[in-house]
Each structure stands twice: as structure tokens, then as C-alpha cells.
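Now for the letters of each chain:
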Amino acid sequence: MGWSILYVRLDIEPRSIQIEGPKAVARVNVRGRTDETDEVNSYRAFLREDYIMPDTIWKSEEVPIGPNREVDEVHEVEIWCNRFCNVVGPHGSTHESKADIYAVVQGGELEGQSDQVAVSCSK
């Protein structure tokens, strides 16, 4: 199986971002435990907006984790507002000035999802 527990938590500060102002920081906290089944396990984390046709604004590289390990890792991701007043990240745009951002973590057969965090852009 590889992973016995895998979940993610998201915090974003500030939640209101100015177009010409400083960027916000999203902290994606991945926690879990691998079992002894697989020698190498991995996970990928994402920041997304919208459930039906999700916009991915950030994705991590694949993170390798050894067997029988506890995982508690934080990925810090900058998000900002583009000139169109849309919330964006390093890998894409939400196409909205008010966005409900959530984090997803995928590892083997397990997937976890955080609560949504409302973020808005203003001029």
C-alpha cells in the first residue's frame, strides 16, 4: 500500500491581496505515515481553486519518502494578484478576483484535501 495516513492543511496570510502590494504566503502542511510495504513512497501537493474543473495554481515536485516514516512537511508558496485582479500562483491563475483555494495531497492510493480558504484581490 505505501501510505497508511496522509492528509493536508492549508493556511494563507494575508487573505486580502493588493495588486501592487506584497504577495501572500500559502503554507501547505502535509502530514502522514508510510508503512513498510514499499521501499520508496512519494507524494505531490497542489493548490487548487474550483472542484468541477479545478484550476491548479501550484504543484510540488514529487517528494520521495522512505518506508515506515512519519511525515510533517510544510511547503511555502507565494500567491499574488495579477494585473487583471485575479488570484494567481507559480503554476496558474484562478481567473477570479475572489477565490476559494484548497490544498490537495496525493500519494499512492491515498488522497487528502484541506478546507477552503477565501482569498481576494483588490486594487
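Predicted model, so just to flag it, every value in this text is computed and none were measured. (Residues numbered from 1 in each chain as written. Predicted model: local features only at pLDDT ≥ 70, side-chain atom pairs only at ≥ 80, totals over all residues. Heavy atoms only, no water.)

The next thing to look at is the pattern of salt bridges. Here the idea is simple: oppositely charged side chains can pair when their charged atoms come close. If you walk through the whole model with that rule in mind, you get six salt bridges. Ionic pairing is found between Glu13 and Arg15, a salt bridge with its closest N-O pair at 4.0 Å. Residue Arg33 pairs with Glu70 through a salt bridge whose shortest N-O separation is 2.7 Å. Taken as a pair, Arg33 in strand β3 (residues 24–34) and Glu70 in strand β7 (residues 70–81) lie far apart in primary sequence, 37 residues in all. Note on Glu70: relative accessible area 60%, which makes it exposed. (Salt bridge = Lys/Arg side-chain N within 4 Å of Asp/Glu carboxyl O. Helix = DSSP H or I, 4+ residues; strand = E, 2+ residues; numbered from the N terminus. Buried < 20%, exposed > 50% of the residue type's maximum accessible area, 1.4 Å probe, protein only.)

Attention now goes to unusual backbone geometry. Leave glycine aside and you will find that most residues have negative phi; peptide bonds, for their part, are mostly trans. Cis geometry is adopted by the peptide bond preceding Pro14, which originates at Glu13 and carries an omega value of -10 degrees. Structurally, Pro14 can be placed in the loop between β1 (3–13) and β2 (16–18). Here the phi dihedral of Cys85 falls at roughly 65 degrees; this positive angle occurs in a residue that is not glycine.

Moving on, we come to the pairing of strand β4 (residues 41–49). Residues in a regular strand point their side chains to alternate faces of the sheet. β4 sits mainly inside the fold: seven of its nine residues count as buried. The pairing of β4 with strand β10 (residues 98–107) spans six bridges and is antiparallel. Bridged to Glu49 within β10 is Ile101. Sheet topology note: the β4/strand β5 (residues 55–59) ladder contains four bridges and is antiparallel. Paired with Leu47 across the two strands is Trp58, which belongs to β5. If you look at the hairpin formed by β4 and β5, you'll find five residues sitting between the two strands, and Asp50 has a positive phi there, around 80 degrees. (Pairing = 2+ DSSP bridges.)

So, on to the nonpolar core. Formed by 31 residues in total, the largest nonpolar core has its most connected members in Leu10, Ile12, Val28, Val30, Tyr43, Leu47 and Ile101. Of all the elements in the fold, those that place two or more residues in this core are β1, β3, β4, β5, β6 (63–65), β7, β10 and β12 (117–122). If one sorts the elements of this core by residue count, β1 sits on top with five residues. The residues contacting Ile12, other than those within four sequence positions of it, are Ala24, Val25, Ala26, Ile79, Ile101, Val117 and Val119. (Core = buried A, V, L, I, M, F, W, Y, C linked by side-chain atoms within 4.5 Å. Contact = heavy atoms within 4.5 Å.)

This next bit is on the side chain of His75. Here His75 lies in strand β7. A polar side-chain atom of His75 sits 2.8 Å from a polar atom in the side chain of Tyr43. Once residues within four sequence positions are removed from consideration, His75 is found in contact with Ala26, Arg27, Val28, Val30, Tyr43, Trp58 and Val63. (Polar contact = N/O pair within 3.5 Å; in protein donor to acceptor, adjacent residues only side chain to side chain.)

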